[in-house]
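One letter stands for each residue in the lines below.
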Amino acid sequence: MMLQVRDLTAHYGTSQALFGMDFALQAGQVATLLGRNGMGKTTTIHAIMGIVKASGGSILFDGQELVGRPSFRTANLGIGLVPEGRQIFPNLTLMENLVATASNHLGQADPWSVEKVFALFPELETRVGSMGNLLSGGEQQMLAIGRALMTNPRLLILDEATEGLAPLVRQKIWAALARIRAEGMSILVVDKNLADLLRIADRHFIVQRGRVAWSGTSLELQADAAVRAQYLGF
Ligand SMILES: Nc1ncnc2c1ncn2[C@@H]1O[C@H](COP(=O)(O)OP(=O)(O)OP(=O)(O)O)[C@@H](O)[C@H]1O
């Protein structure tokens, strides 16, 4: 297993948000965290990235414990985050955003470059000089993905991959993720567009009140209307 989350707990002050999250992601797979708002998906991602401190449990990435590790060291191990809300630097240009955090700590062969990102998202190339805050939502999300890829991760985590984007832009994002997945990237994704996720993902974990209430393949989730109605509301 590339990522193994075991009995993970997390608190905000005295309020508990994660109650023993358990899930695993195999190398080369796409997995989702699903569930209604406030169930703990973002908290789980933040615990993996070391943004939220875990209060218990274990997060193994290629056998290395992430709990207790500062965020930059987790990133250096090869986990790239595309955060909720994109977090594009507003006063930097598109190009500056792209290279600001670029790195290749693992010494990956054929690393990501600006050219490779533009091949994945051609629309970014025409906007290189534009300030981050003047980019459209779709451009910002493509840039956030490009920026994460420029850290040469082995696991890409996307929190709300296509939130607020038009259908055509969403399809471009999914097509790009399918391409990088075909090149061997492992992906953990949170999104609300179940139809798109059923197409792209191998495995789904439904989060309910800070723990995994159901897990299964796309075929199993597609076939189980009761589970979808109970946990996802559709
Ligand atoms: N900074 C915070 N301080 C206090 N409580 C928080 C904080 N962030 C999240 N929570 C609480 O933790 C629980 C899990 O929230 P989380 O954001 O992880 O859920 P989520 O499934 O990602 O939902 P969403 O899709 O709305 O982001 C919720 O009860 C939420 O109110």
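Residues numbered from 1 in each chain as written. Predicted model: local features only at pLDDT ≥ 70, side-chain atom pairs only at ≥ 80, totals over all residues. Heavy atoms only, no water.

If you look the chain up in an unreviewed UniProt entry, it shows as ABC transporter ATP-binding protein from Marinibacterium profundimaris. In the Sequence similarities (unreviewed entry) part of its UniProt record, the chain is described as follows: "Belongs to the ABC transporter superfamily." (UniProt positions renumbered as here; feature names shortened; annotations may be inferred.)

Bringing the site of the ligand into the picture now. Taken together, 13 residues lie near the ligand, and Gly38, Gly40, Lys41, Thr42 and Thr43 sit nearest. A distance of 3.2 Å is found between an oxygen atom of the ligand and a side-chain nitrogen or oxygen belonging to Asn37. Here Thr43 contributes a side-chain N or O atom positioned 2.5 Å from an oxygen atom of the ligand. Taken by itself the ligand offers 630 Å² of open surface, and the protein chains cover 58% of this. Tallying contributions element by element places helix 1 (residues 41-49) first for the shell around the ligand, with 3 residues. (Near = heavy atom within 4 Å. Polar contact = N/O pair within 3.5 Å; in protein donor to acceptor, adjacent residues only side chain to side chain. Areas by Shrake-Rupley, 256 points an atom, 1.4 Å probe, with all protein chains shown as cover. Helix = DSSP H or I, 4+ residues; strand = E, 2+ residues; numbered from the N terminus.)

This brings us to the UniProt feature "domain: ABC transporter" (unreviewed entry) in the chain. Sites flagged by UniProt as "domain: ABC transporter" (unreviewed entry) map to residues 3-234. Counting secondary structure, residues 3-234 comes out at 36% helix and 27% strand; the distance between its end C-alpha atoms is 29 Å.

Moving on to the side chain of His204. Mapped onto the elements, His204 comes out in strand 9 (residues 203-208). Not counting residues up to four positions away in its chain, the partners in contact with His204 are Thr32, Leu34, Leu197, Leu198, Trp214, Ser215, Gly216, Thr217, Ser218 and Leu221. (Contact = heavy atoms within 4.5 Å.)

An order of 2-1-4-5 is seen for the 4 strands of this open sheet, with the pairing classed as antiparallel. Of all strands in the sheet, those with a lone pairing partner are strand 2 (15-25) and strand 5 (64-65), marking the two edges. Packing of helix 1 onto the sheet brings it into contact with strand 1 (3-12), strand 2 and strand 4 (54-61), and relative to strand 2 it is tilted by some 75°. (Pairing = 2+ DSSP bridges. Axes fitted to C-alpha atoms, helices over the stretch in contact; angles between N-to-C directions.)

This part covers the packing of aromatic side chains. Tallied over the entire structure, the rule returns 1 aromatic pair. Taking 5.3 Å as the distance between ring centres and 45° as the angle between the ring planes, the aromatic pair formed by Phe23 and Phe205 counts as tilted. Here Phe23 is found in strand 2, whereas its partner Phe205 is found in strand 9, with 182 residues between them in sequence. A relative accessible area of 5% means that Phe205 is categorised as buried. (Phe/Tyr/Trp six-rings, centres within 6.5 Å; stacked < 30°, edge-to-face > 60°. Buried < 20%, exposed > 50% of the residue type's maximum accessible area, 1.4 Å probe, protein only.)

What follows deals with unusual backbone geometry. The phi dihedral of Gln87 is positive, around 55°, even though this residue is not glycine. One can find Gln87 in the loop between strand 6 (79-82) and helix 3 (94-100). Phi is positive for Asp110, which is not a glycine, with a value near 50°. By the element assignment, Asp110 lies in the loop between helix 3 and helix 4 (114-120).

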